4 protein chains.
Amino acid sequence: MTPVIGRTRWAIPEGYIPPDSHGPAPAMTSHETACLLNAGNESANVLITIFFSDREPCGPYRVTVAPRRTLHLRFNDLREPEPIPHGVDYASVIESDVPIVVQHTRLDSRQAEEALLSTLAYGQ
Amino acid sequence: MTPVIGRTRWAIPEGYIPPDSHGPAPAMTSHETACLLNAGNESANVLITIFFSDREPCGPYRVTVAPRRTLHLRFNDLREPEPIPHGVDYASVIESDVPIVVQHTRLDSRQAEEALLSTLAYGQ
Amino acid sequence: MTPVIGRTRWAIPEGYIPPDSHGPAPAMTSHETACLLNAGNESANVLITIFFSDREPCGPYRVTVAPRRTLHLRFNDLREPEPIPHGVDYASVIESDVPIVVQHTRLDSRQAEEALLSTLAYGQ
Amino acid sequence: MTPVIGRTRWAIPEGYIPPDSHGPAPAMTSHETACLLNAGNESANVLITIFFSDREPCGPYRVTVAPRRTLHLRFNDLREPEPIPHGVDYASVIESDVPIVVQHTRLDSRQAEEALLSTLAYGQ
């Protein structure tokens with residue numbers, strides 16, 4: 001019931017929060033999500049570092065994923081040390097002290113009809 | 001003709017069954033699918049555990065994939081021990097007693113035009 | 001210039017050729033593609049086996065990818081030993097005698113606006 | 001803050017720059033992107049080779065990713081030794097002298113509403 005599965009270091013090279021949205025918030029607001037799964041029995045202390053094209057990385061952002069829980073983290077919601085700017089290319093590295101699994105999803109509602117993408121992050 | 005390929009433990013961190021749909025059911029009903037491939041010569045006995053953000057996991061859900069068959073399992077159709085709620089973040093771990101391969105797909109038809117995402121699950 | 005990269009056995013659990021299309025053929029015809037890259041200096045002799053939910057697999061379908069070439073193979077175009085039915089769940093295993101890399105893409109134009117999905121296949 | 005993560009050889013079998021676009025340029029122009037993340041402390045010297053279905057590969061295209069930076073490279077923007085033709089199937093191999101992580105994304109705006117796909121490249 002509580003298998004340990006995953007890696008402790010993940011990377012998502014693609015990051016971009018669309019600057020505009022159509023449709024009712026928050027479900028249809030353009031957003032980027034890192035879905036974190038902690039299937040184990042210990043809390044996952046997670047550090048997220050954001051990389052940009054033209055300046056030094058910012059972070060770490062700190063989140064905790066409780067044992068046997070998933071956290072679908074919207075990059076839009078990260079506040080400390082600073083919000084991630086919209087309409088800017090970024091990438092992320094996600095490090096955890098216990099194994100987790102990370103998947104990346106974007107909902108883009110800049111136009112009337114949404115578009116979706118998703119991929120597993122690169123785990124190491 | 002019947003190669004053995006795959007892993008016995010898979011994870012899909014992203015899970016979300018959209019609460020609404022447009023278009024003719026069942027093809028265009030919003031749904032999440034785990035596509036399971038059992039390319040080998042023995043039945044695959046599969047246990048699925050569903051993880052949530054704010055409560056203990058539920059499961060296991062039990063499915064069997066016959067030898068040399070694929071099962072495109074809609075999470076919407078899981079009933080025992082309980083249906084998966086719509087409009088709620090979840091994640092899944094899929095365990096099999098023989099090697100299988102798992103891919104995750106969502107068709108989102110909340111709006112007039114569908115959106116699709118797909119990714120290989122994380123296999124270990 | 002001609003690096004060897006890849007694996008010799010790949011699986012794509014998700015397969016479904018949408019039965020309908022909108023828009024000008026062939027670019028906007030609903031289709032499923034296995035993109036094969038043979039970056040090496042020898043021809044890749046490739047065998048594709050198609051798995052179904054309710055009957056024995058069919059195949060092998062045989063294709064050749066020349067050295068230093070990519071082949072974006074539409075499953076719609078497979079004819080021998082039999083065409084793949086539309087509107088039916090399937091999965092595929094792709095075996096090569098030299099390393100190749102395989103990516104899976106679907107263009108779904110059942111509705112007025114297309115939807116796309118893509119993922120790397122599972123390589124072993 | 002600057003973890004080393006990644007591989008030095010990556011492949012993206014799927015490549016296709018849609019010949020048409022709708023919507024305001026450059027954000028909504030149909031494009032293919034290779035998102036490169038160099039999370040380490042040394043510059044990444046990257047060589048990209050483009051493979052076609054019916055002629056010899058072209059390249060290498062040369063790009064540099066500075067330490068602790070991400071580069072979201074549009075294939076549309078590659079110029080030397082030659083632009084990549086639109087509406088043609090291609091594939092790519094991306095080699096770096098230090099570990100990087102590569103993700104592939106396409107925005108297709110041939111129709112009024114965009115479609116998105118993304119997947120991690122194959123790393124070796």
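Here is what the cut-offs are and how they apply
- Residues numbered from 1 in each chain as written.
- Chains lettered and ligands numbered in written order.
- Predicted model: local features only at pLDDT ≥ 70, side-chain atom pairs only at ≥ 80, totals over all residues.
- Heavy atoms only, no water.
- Helix = DSSP H or I, 4+ residues; strand = E, 2+ residues; numbered from the N terminus.
- Buried < 20%, exposed > 50% of the residue type's maximum accessible area, 1.4 Å probe, protein only.
- Contact = heavy atoms within 4.5 Å.
- Areas by Shrake-Rupley, 256 points an atom, 1.4 Å probe, with all protein chains shown as cover.
- Patch = residues over 30% accessible without salt bridge, like charges linked within 9 Å, V, L, I, M, F, W, Y side chains within 5 Å.
- Salt bridge = Lys/Arg side-chain N within 4 Å of Asp/Glu carboxyl O.
- Lys, Arg positive; Asp, Glu negative; His and termini not counted.
- Charge placed at Lys NZ, Arg CZ, Asp CG, Glu CD.
- Disulfide = S-S within 2.5 Å.
- Phe/Tyr/Trp six-rings, centres within 6.5 Å; stacked < 30°, edge-to-face > 60°.
- Lys NZ or Arg CZ within 6 Å of the ring centre and 35° of its normal.
- Pairing = 2+ DSSP bridges.
- pLDDT = per-residue confidence, 0-100.
- Polar contact = N/O pair within 3.5 Å; in protein donor to acceptor, adjacent residues only side chain to side chain.

## Observations concerning the overall build of chain A
- Counting its secondary structure elements, chain A contains 0 helices and 8 strands.
- Scanning chain A from its N terminus toward the C terminus, one meets helices and strands in the order β-β-β-β-β-β-β-β.
- Counting over 124 residues, chain A shows a buried share of 61%.
- Sequence-distant contacts, at least 24 apart, represent 71% of the contacts inside chain A between residues at least 6 apart.
- Total accessible area on chain A is roughly 4,300 Å²; 49% of this is exposed by carbon and sulfur atoms.

## Section: the environment of Val93(A)
- Tracing the backbone through its elements, the reader meets Val93(A) in strand β6 (residues 90-108).
- Val93(A) gets classed as buried once you look at its relative accessible area, which sits at 0%.

## What about a positive patch on the surface?
- Residues Arg7(A), Arg7(B), Arg7(C) and Arg7(D) make up a contiguous surface patch of positive charge.
- With respect to the helices and strands, Arg7(A) occurs in strand β1 (residues 7-15).

## Observations concerning unusual backbone geometry
- In this model, Gly59(C) is joined to Pro60(C) through a cis peptide bond whose omega is 0 degrees.
- Following the sequence through the fold, Pro60(C) ends up in strand β4 (residues 58-65).
- One non-glycine residue, Arg68(D), lies in the positive phi region at around 60 degrees.
- By the secondary structure assignment, Arg68(D) is in the loop between β4 (58-65) and β5 (69-74).

## Overview of the environment of Ala66(B)
Residues and elements named next belong to chain B.
- Tracing the sequence through the fold places Ala 66 in the loop between β4 (58-65) and β5 (69-74).
- Each C-alpha atom of the pair Ala 66 and Ala 39 lies 9.2 Å from the other, and the pair is 27 residues apart in sequence.
- Beyond its immediate chain neighbours, meaning those up to four positions away, Ala 66 contacts Asn 38 and Ser 43.

## Overview of the state of the cysteines
- Scanning all chains against the criterion turns up 0 disulfides over all chains.
- Of all cysteine sulfurs, the one in Cys35(D) lies closest to Cys58(A), which takes part in no disulfide; the gap is 17 Å.

## Looking at the pattern of salt bridges
- All told, the structure shown has 16 salt bridges over all chains when counted by the stated rule.
- Linking Glu56(A) and Arg68(D) is a salt bridge whose minimum nitrogen-to-oxygen distance equals 2.8 Å. On the criterion of chain membership, the pair formed by Glu56(A) in the loop between β3 (44-52) and β4 (58-65) and Arg68(D) in the loop between β4 and β5 is interchain, its members lying in two chains.
- Bridged by salt links that share partners, the residues Glu56(A), Arg68(D) and Arg69(D) form one connected network.

## Quick word on the packing of aromatic side chains
- For the coordinates displayed, the defined rule picks out 8 aromatic pairs over all chains.
- A ring pair is formed by Tyr122(A) and Trp10(D), whose centres lie 5.4 Å apart and whose planes are at 70 degrees; its orientation type is edge-to-face. With Tyr122(A) in strand β8 (residues 122-123) and Trp10(D) in strand β1 (residues 7-15), the pair connects residues from two separate chains. Neither residue differs from the other here; Tyr122(A) and Trp10(D) are each classed as buried.
- Over the ring of Phe52(A) we find Arg55(A), and its NZ or CZ is 4.0 Å from the ring centre.

## Some words on the pairing of strand β2 (residues 31-38) of chain B
All names here are of chain B.
- Counted residue by residue, β2 has 8 buried out of 8 residues, so it is predominantly covered.
- Along β2, one buried face is formed by His 31, Thr 33, Cys 35 and Leu 37 and the opposite face, lined by Glu 32, Ala 34, Leu 36 and Asn 38, is buried too.
- Sheet topology places β2 next to β5; 6 bridges connect them, and they run antiparallel. Following the sheet pairing, Asn 38 is matched in β5 by Arg 69.

## A short note on the confidence of the model for chain A
- In the predicted model, chain A carries a mean pLDDT of 86, and 83% of its residues have values of at least 70.
- What the predictor reports for the complex is a pTM of 0.90 with an ipTM of 0.88.

## Description of the side chain of Glu14(D)
- Checked against the element boundaries, Glu14(D) lands in strand β1.
- A distance of 2.7 Å separates polar atoms of two side chains, one belonging to Glu14(D) and the other to Thr105(C).
- Leave out the neighbours within four places in its chain, and Glu14(D) touches Cys35(C), His72(C), Gln103(C), Thr105(C), Glu32(D), Tyr90(D), His104(D) and Arg106(D).

## Here we look at the environment of Ala39(C)
Residue and element names in this part refer to chain C.
- Structurally, the position occupied by Ala 39 is in the loop between β2 (31-38) and β3 (44-52).
- A relative accessible area of 1% means that Ala 39 is categorised as buried.
- Residues Ala 39 and Thr 70, 31 residues apart in the sequence, show an inter-C-alpha distance of 7.9 Å.

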